[in-house]
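Spelled out, the chains give:
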Amino acid sequence: SGYIGMTVATYSNVLTTIACEPPSPDQPGDLNAGLRVAFKSGSVMALSVVSSALIGIAILYISFEDEDKDADHRREIWEQISAFAFGGSSVALFARVGGGIYTKAADVGADLVGKVEEDLPEDSPENPATIADNVGDNVGDVAG
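This is a predicted model, so every value here is computed, not measured.

S.K.: Can you lay out the overall build of the chain for me, pointing to particular residues and giving the numbers?
M.R.: Assigned secondary structure in the chain consists of 4 helices and 0 strands. Listing the helices and strands of the chain from first to last along the sequence gives α-α-α-α. Radius of gyration (C-alpha) of the chain: 22 Å, far over the 15 Å computed for a compact globule of 144 residues. Intrachain contacts of the chain at a sequence separation of at least 6 include 50% that bridge at least 24 residues. Only carbon and sulfur atoms are counted for the fraction: they give 66% of the accessible area of the chain, which is about 10100 Å². Between the averaged position of the 8 positive side-chain charges in the chain and that of its 22 negative side-chain charges there is a distance of 9 Å.

Printed below as a string of structure tokens:
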């Protein structure tokens with residue numbers, strides 16, 4: 001689901017930018033169209049993550065279930081599935097924190113090189129560290 005999320009986020013960023021572009025340079029852009037694209041893209045990402053989690057839970061339940069066992073065995077199955085859900089939440093938390101750390105480090109590096117040493121504006125295409133900064137922003141947005 002991480003690969004799907006990053007792919008959808010990258011494409012949706014491009015599509016949102018295109019949707020917000022004005023029809024001509026002297027007219028304002030359409031913010032409403034951009035928000036609609038962004039909302040639909042977020043819905044796709046959320047449904048893909050939830051569906052992959054449900055598939056994982058279903059696979060666990062089917063693999064552990066045995067019709068011949070008693071109620072204690074079924075309770076044990078649900079405890080194992082709860083542990084699976086707790087582990088998934090922990091991984092999401094650590095991915096969010098890791099994405100935030102990467103984003104902050106890339107942002108500080110881009111600012112130090114661009115603004116302090118080379119006197120470039122923020123997010124200037126002349127600063128190669130801007131790529132790492134944008135990747136970190138994308139990771140931070142998708143991981144959480």
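S.K.: Go over helix α2 (residues 31–64), please, and point to the residues and values.
M.R.: For α2, which comprises 34 residues, the first-to-last C-alpha distance of 50 Å matches the rise-based estimate of 50 Å (1.5 Å per residue) to within 8%. Buried within α2 we find Ala33, Gly34, Ser41, Met45, Ser48, Gly56 and Leu60.

S.K.: Run through a nonpolar patch on the surface, naming residues and quoting values.
M.R.: A cluster of nonpolar side chains, Tyr11, Val14, Leu15 and Ile18, forms an exposed patch at the surface whose accessible area comes to about 420 Å². Inspection of the secondary structure puts Val14 in helix α1 (residues 2–20).

S.K.: Help me get a handle on empty space enclosed by the protein, residues and values and all.
M.R.: By the definition in use, this model includes 1 cavity of 30 Å³ or more. Ala110, Asp111, Glu122, Asp123 and Asn127 are the residues nearest the centre of the largest cavity, which is lined by 13 residues in total. Mapped onto the lining of the largest cavity, the elements with two or more residues apiece are α3 (71–117) and α4 (129–143). Take the lining of the largest cavity: its biggest share by element is 5 residues, from α3. In terms of residue class, the lining of the largest cavity is made up of 3 nonpolar, 4 polar and 6 charged.

S.K.: Run through the pattern of salt bridges, naming residues and quoting values.
M.R.: In the structure shown here, the tally under the stated rule is 2 salt bridges. Linking Asp72 and Arg75 is a salt bridge whose minimum nitrogen-to-oxygen distance equals 3.9 Å. One end of the pair is Asp72 and the other is Arg75, both in helix α3 and 3 residues apart, which spans about a single turn. Assessed through its relative accessible area of 48%, Asp72 is described here as partly exposed. The shortest N-O distance in the salt bridge between Glu79 and Arg75 comes to 2.9 Å. In this pair, Glu79 and Arg75 both sit in helix α3, 4 residues apart, roughly one turn of the helix. Of the residues examined, Arg75 reaches a relative accessible area of 49% and is grouped as partly exposed. In this structure, a network of salt bridges that share partners links the residues Asp72, Arg75 and Glu79.

Conventions and cut-offs
Residues numbered from 1 in each chain as written. Predicted model: local features only at pLDDT ≥ 70, side-chain atom pairs only at ≥ 80, totals over all residues. Heavy atoms only, no water. Helix = DSSP H or I, 4+ residues; strand = E, 2+ residues; numbered from the N terminus. Rg over C-alpha atoms; globule rule 2.2 N^0.38 Å. Contact = heavy atoms within 4.5 Å. Areas by Shrake-Rupley, 256 points an atom, 1.4 Å probe, with all protein chains shown as cover. Lys, Arg positive; Asp, Glu negative; His and termini not counted. Charge placed at Lys NZ, Arg CZ, Asp CG, Glu CD. Expected span 1.5 Å × (residues − 1). Buried < 20%, exposed > 50% of the residue type's maximum accessible area, 1.4 Å probe, protein only. Patch = residues over 30% accessible without salt bridge, like charges linked within 9 Å, V, L, I, M, F, W, Y side chains within 5 Å. Salt bridge = Lys/Arg side-chain N within 4 Å of Asp/Glu carboxyl O. 1 Å grid on protein atoms, 1.4 Å probe; cavity = no way out; pocket = protein on both sides within 12 Å on 5 of 7 lines; lining within 4 Å. Points joined across faces, edges and corners; volume = space filled by probe spheres on them. Nonpolar A, V, L, I, M, F, W, Y, C, P; charged D, E, K, R; others polar.

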